[in-house]
Amino acid sequence: MVTIRIDGILVKANENETILQAAKRAGIYIPSLCYLKDLNEIGACRICVVEIKGKEKLISSCNNVVEDGMEIYTNSPKVREARKINVELILSQHNGHCPTCVRSGNCNLQKISNDLGIIDVPYKKEEPKFNWDLSIPLIRDESKCIKCMRCIQVCDKVQSLGVWDVAFTGSRTTVGVSENRDIKYADCSYCGQCITHCPVGALRERDDTAIVFNQLNKKNKITIVQVAPSVRAAWGEHFGLSSKFSNEKRLAAALRRIGFDYIFDTNFAADLTIMEEASELIKKLKNKKDGDMPMFTSCCPGWVRYINTQHPNLVKYLSTSKSPQQMFGAVVKTYYAKLLEVDPSEIFLVSIMPCVAKKDEVTWSGMDSSGKGPDVDVVLTTREFVRMLRAEHIHPKNLEEEEFDKPLGDYTGAGVIFGATGGVMEAALRSAYYFATGKKPPIEAFYDVRGRSGWREKTFDIDGIPVKIAVATGLRNARKLITALERGEVSYDFVEVMACPGGCVGGGGQPITDGEEFSVDRAWSLYTIDDKCVLRSSYENPSIQELYSSYLGKPLSEKAEKLLHRNQKDGLYKKQ
C-alpha cells in the first residue's frame, strides 16, 4: 500500500494501482471517454488528465500508477482548461446534433461537455460524412465517432474478430472496417458488443420501431409479440427500476398498452427448443463413437454466424434445432394461425430480444415455415422497446401486473435460464436426464454448469453414460475451445456457446450504462425466477405437451423436423 493525496484527501492505494482506480475507490470522480478497464487503457482521449504536484506536464490518470507521497489534483484550473480544450477539439469533429441521437441523455461525451460548461466550440467544424448501408443490423455513424478505440479493443480482445481498425492518420484518423472491407464481408457476428461499449452514438442497432408502429395501426393485421427471458432482467434499468419491480408481468402490461393483440413469452419456445435439442443429444449419445466432435448449441445467432464464417468445417456439428425465437415464429405462423383460424399472412410477429444478431437471423434460409413470408417479421432490441415506451409516454411504475396470453405464454424455469451463460446447457441436461431414465432429475445436480469463467467443463452421469460438456461465453473463448478440440487436446459430447460475455443477459441489444456491466445481476434475477417456478424442466410444460399431442406428434417427428429444425448445409442466406 502507498499513501497519496487526491484533492487534499488522504488516500491509501494499492501499489501499481492507476490514479483513476485509486480515485474511484476513494469516491473521487475523474471523467474519461476512452478508458475500459483491462481492455482500453491507452490515454487516447486525454480527458482523464490530472495535475501532479511538482510536475509541469499533466498526465493521464487511466494508465499512470500511483507513487507514495504523490499529491494529485483532479480538477485544478490547469486540468480544467486542458480538459475543456480536449473536449472542444473532439466536438469539432463530432456530429453533435443530440436530439436525433439514440444516446442523447445517456452519452458520456454529452455529460462531460455539460459538466465543463461548454456552450460553444471555438474551432472550425470538420464533421465526417455519414456513409453506411442502413439495411445492415449494425449501424456505424462515422460523423459521431470520437476515435476512442473501444470498439477495436472489444472486438479484438473479447471477440477475436478484428472487424474494426484505425484508418488514416493525423487529424483524419478515424475507425473503420478493417482491411478497408465492406461490413457485409468482414465476418462480423453482429454480436453488438462494440455498440454496448461505445461511449457515444457512433455505433447502434438498425432502428425498426417505425415499422412496428406502422403495423400496430393497421386494422387488418394481427400483431403478436414475443419477449426473450433476458429482456425482463434489464428493461427497467432505463427507468431506474429494480428487476423485481419491472418483472415479466409489468412487461406484459406495457406491451398491451403499446397496442399488441397477443403477448407471449419466448420462454415457451425455449422449452420447445430444449425438447428438440435434448432429444438430439440423447440420439447422439446412443450412437457415440470415439473421436466424434461434440454437438454444438445453435440458439445464439452470433455464434452461428461465427462458426459459419470462421470454422465452416464444423457447421455440420451444430444442433439443427432452431433458436427459441425462430421456433416460436414457426409455431405462431402454423399451429397458432390455425387456432385463430386466420391465414399466416394476416399475422405480424415482433420479437423483443437482447440481441442485434437476431435481426439478421430472421433473414436466414429455412426461417419461413408457413410459406407466407418470414416466421418472425421484425426484431427489436431491448433498447428499441424502451424507446417505444418513451414514445408512447408509458412508464412501468404506473402499470399493474398482467399475465401473458395463453397457450404460448406458459413456461418452466428451464426456459427462463436460457438468458444466462450455461443456461441452455443446464436446461438441456434436465430434460435429457428425464428422456434417458424416465426419472425426474434432482434440479441441483446440474448447477455446476453455472458460472462466469469464459470456458468451463464438467462431466455428468446420465443413465450410466458419462456426458462431458463444455460452456464457452464470448467468441474469443469459443475460438480457444475449438482450437483445442481440433488439436485433440480436449473432447466433449455437448458444447454450449454464447457470443456475448455472460450470455444473452449481456447481449448487444441490452440497455447501456457506460463503464458498468450488469450481466451478473441480470443472470441472478433469472436464476431467482427459476427457483420460484413450480415446473422447472421443459418436458413438464403443459402447453408444450399439448402442442406435441395435438400437432407435432413427438420430438424429432417429421413435422417437428420440418418446422423446428434447419438443414445446416443450406447456410445462412437464401440463394437468389
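Residues numbered from 1 in each chain as written. Predicted model: local features only at pLDDT ≥ 70, side-chain atom pairs only at ≥ 80, totals over all residues. Heavy atoms only, no water.

The name given to the protein chain in an unreviewed UniProt entry is NADH-quinone oxidoreductase subunit G, and the organism recorded there is Clostridium fallax. Quoted straight from UniProt, the Sequence similarities (unreviewed entry) entry for the protein chain says "Belongs to the complex I 75 kDa subunit family." Recorded in UniProt for the protein chain, the comment headed Subcellular location (unreviewed entry) runs: "Membrane". (UniProt positions renumbered as here; feature names shortened; annotations may be inferred.)

Enquirer: Would you take a moment to explain the packing of aromatic side chains for this structure?
Expert: Here the distance between the centres and the angle between the planes together describe a pair of aromatic rings. Using the criterion set out here, one finds 13 aromatic pairs in the structure. Taking 5.2 Å as the distance between ring centres and 90° as the angle between the ring planes, the aromatic pair formed by F264 and Y336 counts as edge-to-face. Remark: Y336 occurs in helix 11 (residues 324-340) and F264 occurs in strand 11 (residues 262-265); sequence separation between them is 72 residues. The exposure class assigned to F264 is buried, which follows from its relative accessible area of 0%. Judged by relative accessible area, Y336 falls into the buried class, the value being 4%. (Phe/Tyr/Trp six-rings, centres within 6.5 Å; stacked < 30°, edge-to-face > 60°. Helix = DSSP H or I, 4+ residues; strand = E, 2+ residues; numbered from the N terminus. Buried < 20%, exposed > 50% of the residue type's maximum accessible area, 1.4 Å probe, protein only.)

Enquirer: For this particular structure, what's the right way to read the packing of helix 9 (residues 266-286) against helix 18 (residues 542-552)?
Expert: Describing two packed helices takes the angle between their axes plus the distance from one axis to the other. Between helix 9 and helix 18, whose axes approach to 10 Å, the crossing angle comes to 60°. Helix 9 and helix 18 meet at a crossing whose hand is right-handed. Contacts between helix 9 and helix 18 involve F268, D271, L272, M275 and E276 from the first element and S543, I544, L547, Y548 and L552 from the second. For the contact of helix 9 with helix 18, the residue count by class is seven nonpolar, one polar and two charged. (Axes fitted to C-alpha atoms, helices over the stretch in contact; angles between N-to-C directions. Left-handed = near helix turned anticlockwise from the far one by under 90°. Contact = heavy atoms within 4.5 Å. Nonpolar A, V, L, I, M, F, W, Y, C, P; charged D, E, K, R; others polar.)

Enquirer: Explanation requested: the environment of V200 in the structure shown.
Expert: Summarising the element assignment, V200 is placed in the loop between helix 5 (193-196) and strand 9 (203-205). Accessibility expressed as a relative area gives 1% for V200, which makes it buried. Separated by 170 residues in sequence, V200 and S370 place their C-alpha atoms 41 Å apart. Setting aside chain neighbours within four positions, we find V200 in contact with H94, R103, C107, L109, K144 and I146.

Enquirer: I tried to follow the sheet that holds strand 10 (residues 222-227) on my own but got confused; where do I start?
Expert: In a beta sheet, neighbouring strands pair by backbone hydrogen bonds and run either parallel or antiparallel. Strands sit in the order 11-10-13-14 across an open sheet of four strands; the sheet is parallel. Bordering the open sheet on either side are strand 11 and strand 14 (378-381), each of which pairs with just one other strand. For this sheet the average axis-to-axis angle between neighbouring strands, irrespective of direction, equals 25°. Bridge analysis of strand 10 against strand 13 (residues 347-353) gives six bridges, and the strand direction is parallel. The residue of strand 13 that forms the bridge with I222 is I347. On top of the sheet, helix 13 (residues 382-391) reaches strand 13 and strand 14; it is set at about 85° to strand 14, its chief contact. (Pairing = 2+ DSSP bridges.)

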